[in-house]
Amino acid sequence: MNEKDSRVIVALDYPQQSQALNLVDRLDPSLCRLKVGKEMFTRFGPAFVEALRRRGYDLFLDLKFHDIPNTVAAACDVAADLEVWMMNLHASGGRRMMEAARDRLEARPNRPLLVAVTILTSLSSEDIAEVGFSGEPAENVLRLAELTRRSGLDGVVCSPREARDLRQRIGEDFYLVTPGVRPKSAAQDDQRRVMTPGEAIRSGSSYLVVGRPVTGAEDPLQALQSINAEIAGSR
Ligand code: C5P
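Since we're looking at a predicted model, the values are computed, not measured.

(A) Fine view of the pattern of salt bridges. Inspection of the entire model under this criterion finds 15 salt bridges. Across the pair Glu83 and Arg53 runs a salt bridge, and its minimum N-O distance is 3.7 Å. Of the two residues, Glu83 sits in the loop between α3 (69–81) and β4 (86–90) while Arg53 sits in helix α2 (residues 38–54), which places them 30 residues apart along the sequence. With its nearest N and O atoms 3.0 Å apart, the salt bridge here joins Arg182 to Asp189. Here the salt bridges share partners, and the residues they tie into one network are Arg182, Asp189, Asp190 and Arg212.

(B) Here's a closer look at the packing of α3 against helix α4 (residues 95–106). One way to put it is that α3 packs onto α4 with a least axis distance of 8 Å and a crossing angle of 35°. Here the hand of the crossing between α3 and α4 comes out right-handed. Contacts from Pro69, Asn70, Val72, Ala73, Ala74, Cys76, Asp77 and Ala80 of α3 reach α4 at Arg96, Met97, Ala100, Ala101, Arg104 and Leu105. Each residue belonging to the contact of α3 with α4 can be placed in one class, and the counts come to 10 nonpolar, 1 polar and 3 charged.

(C) Layout of the environment of Leu21. With respect to the helices, strands and loops of the structure, Leu21 is situated in helix α1 (residues 17–24). The exposure class of Leu21 is buried, given its relative accessible area of 15%. When neighbours within four sequence positions are excluded, Leu21 is seen to be in contact with Phe48, Ala51, Leu52 and Arg55.

(D) Here's a closer look at the site of the ligand. Every residue close to the ligand is listed here: Ala11, Asp13, Lys35, Thr121, Pro179, Arg182, Gln191, Val209, Val210, Gly211, Arg212 and Pro213. Between the ligand and Gln191, the relevant distance is 2.8 Å, taken from an oxygen atom to a side-chain nitrogen or oxygen of the residue. Listing elements by their share of the shell around the ligand, those giving two or more residues are β8 (207–210) and α9 (212–215). Across the shell around the ligand, the residue classes tally to 5 nonpolar, 3 polar and 4 charged.

(E) Highlighting helix α6 (residues 137–150). When the terminal C-alpha atoms of α6 are compared, their 20 Å separation across 14 residues agrees well with the 20 Å that a helix rising 1.5 Å per residue should span. Those residues of α6 that fall on the buried side of the exposure criterion are Pro137, Asn140, Val141, Leu142, Leu144, Ala145, Leu147 and Thr148. Of the surrounding secondary structure, the elements contacted by the buried residues of α6 are α4, β5 (113–117), α5 (125–130), β6 (155–157) and α7 (160–170).

(F) Representation of the packing of aromatic side chains within the structure. Applying the stated rule across the entire model yields 3 aromatic pairs. Each ring, one from Trp85 and one from Tyr207, has its centre 5.0 Å from the other, and the planes form 85°; the classification is edge-to-face. Residue Trp85 is located in the loop between α3 and β4, and its partner Tyr207 is located in strand β8; the two are separated by 122 residues in the primary sequence. Considered together, Trp85 and Tyr207 belong to a single accessibility category, that of buried residues. The structure contains a cluster of three or more aromatic residues connected by ring pairs, namely Trp85, Tyr175 and Tyr207. Sitting above the plane of the Trp85 ring, Arg33 keeps its charged end 4.3 Å from the centroid.

(G) Expanded view of the packing of α4 against α6. Between α4 and α6, whose axes approach to 9 Å, the crossing angle comes to 40°. Here α6 runs oblique to α4, going by the angle between their axes. Here α4 runs over α6; the crossing is right-handed. On α6, the residues touching Arg95, Met98 and Glu99 of α4 are Leu147, Thr148 and Arg150. In terms of residue class, the contact of α4 with α6 is built from 2 nonpolar, 1 polar and 3 charged.

Conventions we followed
Residues numbered from 1 in each chain as written. Predicted model: local features only at pLDDT ≥ 70, side-chain atom pairs only at ≥ 80, totals over all residues. Heavy atoms only, no water. Salt bridge = Lys/Arg side-chain N within 4 Å of Asp/Glu carboxyl O. Helix = DSSP H or I, 4+ residues; strand = E, 2+ residues; numbered from the N terminus. Axes fitted to C-alpha atoms, helices over the stretch in contact; angles between N-to-C directions. Left-handed = near helix turned anticlockwise from the far one by under 90°. Contact = heavy atoms within 4.5 Å. Nonpolar A, V, L, I, M, F, W, Y, C, P; charged D, E, K, R; others polar. Buried < 20%, exposed > 50% of the residue type's maximum accessible area, 1.4 Å probe, protein only. Near = heavy atom within 4 Å. Polar contact = N/O pair within 3.5 Å; in protein donor to acceptor, adjacent residues only side chain to side chain. Expected span 1.5 Å × (residues − 1). Phe/Tyr/Trp six-rings, centres within 6.5 Å; stacked < 30°, edge-to-face > 60°. Lys NZ or Arg CZ within 6 Å of the ring centre and 35° of its normal. Parallel < 35°, antiparallel > 145°, perpendicular 65-115°, else oblique.

Shown next as structure tokens:
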């Protein structure tokens with residue numbers, strides 16, 4: 001398997017940089033990509049991103065930007081200077097914000113992929129009603145995913161439970177990036193409604209974000225390889 005075939009993004013959520021680098025040095029950049037989120041980026045910054053890139057990994061910078069269009073476009077441009085493979089923002093920032101970010105990235109050679117978060121999966125029906133959204137979370141996910149597509153972005157982050165419906169309604173040429181994935185043998189941790197890697201891929205996921213089933217495994221490389229094998233067997 002080469003880098004382009006890998007559908008797994010390993011989420012690095014550690015308080016210490018050394019823990020993340022120890023884990024990464026036991027994996028292989030041809031078998032996965034890596035996700036750096038708010039906790040590690042806020043603490044360790046661009047130098048950490050660079051340390052991972054130097055090891056040959058494609059990176060998803062998961063900072064979920066949400067601000068006025070000019071500010072988000074500038075933040076995306078600076079994030080692209082870090083030569084990450086993928087970055088994200090909140091679709092609820094609106095069409096002008098998403099288009100500004102896309103336009104700024106499109107002005108660059110080899111631009112990173114830009115995907116949007118629709119409705120955070122942590123939000124219940126009551127939560128979204130309280131912030132003033134009408135309808136069920138699933139209706140809002142679909143509406144915001146369609147807005148994301150019309151704004152020219154590359155895809156959305158979504159629950160694997162939403163993937164089948166989104167894939168059917170939005171079509172093939174749109175990335176669905178799904179956390180909440182657990183191999184059958186792994187613990188669910190604090191994830192509530194999980195799917196196995198094979199189920200997620202069959203539902204239309206493009207990339208699977210997997211954290212603890214790999215980072216917490218006794219043999220992380222073996223755990224990653226078995227997820228890759230399950231994905232390969234499900235196509
Ligand atoms: O360890 P685990 O596989 O649960 O990690 C999943 C990763 O995906 C974490 O970085 C988590 O913050 C992120 N994530 C998630 N569910 C969402 C969005 C992001 O688990 N709805």
